[in-house]
Amino acid sequence: MNHKARKRFGQNFLHDPNVIERIIVSISASHNEHLVEIGPGKGALTEHLVTDAGKLDVIELDRDLIPILQERFGTYEQFTIYNTDALKFSFASLCRDEFSDLKMDKLRLVGNLPYNISTPLIFHLLDNIAVVQDMHFMLQKEVVERLTAQPNTKAYGRLSILVQYLCHAEQLFIVPPGAFNPAPKVESAIVRLTPKTHGQDEHKLCNASPENLSFIAKAAFAQRRKTLRNNLKTILSAQYIEQCGIDPGRRAETLTINEFVSLTNQYVQFLEA
Ligand code: SAM
């Protein structure tokens, strides 16, 4: 396994067996499930997932790792490698039966993600959420804090709102830098994201499109210390904000996700009027 870790691919390979086991136990895959690992690297998680899952697809960008993965796992019938960029990959395409074009079971996504692309990757995965059963990811601890953040905290922002609108987000445990080779400068954490189904949706107004919600959240947080009245002034007047029962003098970070959804619906109605 003569491969030198590359910074540009965000390569920090897991080597701590206790951490690997905790991740595998958290996922608890079974033989009738379809797993997808993003960035398998040299296969630290893959070697467990390939025997636990019914089907395992892996997506790895670094072509120098492909022969290593092929040699280790190529004989498993349930294993397929995609040497491509996860940011451009259509996860929905994995859910189709190539012979009948019938939809198959949803995907369980897993990965010790490359930290340099984690935010755009999460947004890309949210675009594919319809085919996802759940996701278990290792990320920089700060990113996990943003994913799970509640209103009135520093970490709460557009990423928290979008992710929690679509998923339940739960931090499972912290992983220290020493678990990786090379060791990153920051702490990491494991997060579990479980898409909300219609029946269990906690948001009263669940009809806002993620694109519009993202647009409003981005504008509302444009300058964190400014009020909604200021940040939204070219999009939604103070009067429209008040009609949602929201004081335009508040800051974005104080709003719940339901309040963001109300603002988004108000914006859509305003556009359609
Ligand atoms: N899973 C391995 C482990 O835990 O040891 C490796 C994790 S390492 C943090 C991230 C992996 O993602 C690397 O193997 C890297 O080459 C791969 N990677 C980086 N950018 C990628 C991308 N855009 N699409 C797919 N894989 C990518």
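Note on numbering: residues in each chain are counted from 1, in written sequence order. Note on the predicted model: pLDDT of at least 70 is required for a residue's local features to be given, and 80 or more for side-chain atom pairs to be given and counted; whole-chain, interface and lining totals, by contrast, use all residues. Water and hydrogen atoms were dropped before computing side-chain values, which therefore reflect all heavy atoms in the structure.

1. Here we look at the overall build of the protein chain
Moving on, step 1. For helices the rule is a DSSP run of H or I covering at least 4 residues; for strands it is a run of E covering at least 2, with both sets numbered from the N terminus onward. Scanning the protein chain from terminus to terminus reveals 10 helices and nine strands.
Moving on, step 2. For the radius of gyration, the atom set is restricted to C-alpha positions; the globular benchmark scales as 2.2 Å times the number of residues to the power 0.38. For a compact globule of 273 residues, the expected C-alpha radius of gyration is about 19 Å, and the protein chain comes in at 20 Å, within 12% of that figure.
Moving on, step 3. Counting only C-alpha atoms, the protein chain reaches 65 × 45 × 30 Å along its principal axes.
Moving on, step 4. Remark: exposure states derive from per-residue accessible area (1.4 Å probe, protein chains only) relative to the maximum for the residue type, with buried under 20%, exposed over 50%, and partly exposed in between. Looking at the protein chain as a whole, 48% of its 273 residues qualify as buried.
Moving on, step 5. Sequence-distant contacts, at least 24 apart, represent 64% of the contacts inside the protein chain between residues at least 6 apart.
Moving on, step 6. In this description, accessible areas are obtained by the Shrake-Rupley approach with a 1.4 Å probe, and a residue is regarded as covered only by the protein chains that are shown. Only carbon and sulfur atoms are counted for the fraction: they give 49% of the accessible area of the protein chain, which is about 13,700 Å².
Moving on, step 7. Note that His is not counted, nor are the chain ends; the positive residues are Lys and Arg, and the negative ones are Asp and Glu. A charged residue contributes its charge at one atom only: NZ of Lys, CZ of Arg, CG of Asp or CD of Glu. Mean positive and mean negative side-chain charge positions of the protein chain (30 and 31 charges, respectively) differ by 10 Å. Whether two residues are in contact is decided by their heavy atoms, any of which lying within 4.5 Å being enough.

2. Digging into the packing of aromatic side chains
Centre distance and the angle of the planes are the two values used to describe a pair of aromatic rings.
Moving on, step 1. Two aromatic rings from Phe, Tyr or Trp, using only the six-membered ring of Trp, form a pair when their centres are within 6.5 Å; if the ring planes differ by under 30 degrees the pair is stacked, by over 60 it is edge-to-face, and anything between is tilted. Applying the stated criterion to the full structure yields seven aromatic pairs.
Moving on, step 2. Ring plane angle 75° and centroid distance 6.3 Å describe the contact between Tyr156 and Phe221, whose orientation is recorded as edge-to-face. One end of the pair, Tyr156, is in the loop between helix 5 (141-148) and helix 6 (158-166); the other, Phe221, is in the loop between helix 7 (210-220) and helix 8 (228-231), with 65 residues separating them in the sequence.
Moving on, step 3. On the accessibility criterion, Tyr156 (1% relative accessible area) is buried.

3. Section: the nonpolar core
Moving on, step 1. Nonpolar cores are built from buried Ala, Val, Leu, Ile, Met, Phe, Trp, Tyr and Cys residues. Side-chain atoms within 4.5 Å join them into one set. Core analysis: the biggest nonpolar cluster contains 58 residues, and Phe91 and Phe260 have the highest contact counts within it.
Moving on, step 2. Ranked by the residues each element gives to this core, the list is headed by helix 6, at six residues.
Moving on, step 3. Segmentation into domains, and thus their bounds, comes from an automatic or database assignment. Counting residues domain by domain, this core receives three or more from each of domain 1 (7-195) and domain 2 (210-272).
Moving on, step 4. Residues in contact with Phe260, not counting those within four places in the same chain, are Tyr156, Ile161, Leu213, Ile216, Ala217, Ala220, Phe221, Ala252 and Leu255.
Moving on, step 5. The next biggest cluster of nonpolar side chains, apart from the first, holds 28 residues, and it includes Leu14, Leu49, Ile81 and Ala179.

4. Some details on the domain arrangement of the protein chain
Moving on, step 1. When the domains of the protein chain are assigned, the result is domain 1 (7-195) and domain 2 (210-272).
Moving on, step 2. Listed by partner, the interface residues are 14 residues for domain 1 and 16 residues for domain 2.
Moving on, step 3. Summing the contributions of domain 1 and of domain 2, the shared interface buries around 1,200 Å²; its carbon and sulfur component is 68%.
Moving on, step 4. Values labelled buried area give the accessible surface lost by two parts on being combined, using a 1.4 Å probe and summing over both. Looking only at domain 1, the three residues that lose the most surface to domain 2 are Tyr156, Arg158 and Ile161, adding up to 45% of its buried area.
Moving on, step 5. What counts as a salt bridge is simple: a side-chain nitrogen of Lys or Arg found within 4 Å of a carboxyl oxygen of Asp or Glu. At the junction of domain 1 and domain 2, the tally comes to zero salt bridges.
Moving on, step 6. As used in this structure description, the phrase polar contact means that two N or O atoms lie within 3.5 Å; if the pair is within protein, one of them must be able to donate a hydrogen and the other to accept it, and residues adjacent in sequence are counted only when both atoms belong to side chains. Counting across the domain 1 and domain 2 interface gives six residue pairs in polar contact (both at pLDDT 80 or more).
Moving on, step 7. Taken together, the residues of the side of domain 1 that touches domain 2 sort by class into six nonpolar, five polar and three charged. Each residue is assigned to one class: nonpolar for Ala, Val, Leu, Ile, Met, Phe, Trp, Tyr, Cys and Pro, charged for Asp, Glu, Lys and Arg, and polar for all the others, Gly among them.

5. Focus on the site of the ligand
Moving on, step 1. Taken together, 23 residues form the shell around the ligand, and within it Gln11, Gly39, Glu60, Asp85 and Asn112 come nearest.
Moving on, step 2. In this structure, Leu14 approaches the ligand through a main-chain N or O atom, which is 2.8 Å from an oxygen atom.
Moving on, step 3. Measuring from an oxygen atom of the ligand, one finds a backbone N or O atom of Gly41 at 3.3 Å.
Moving on, step 4. Relative to its free-state accessible area of 590 Å², the ligand is covered by the protein chains to the extent of 98%. Summary of the distance rule: residues count as near a molecule or strand when at least one heavy atom falls within 4 Å of that molecule or strand.

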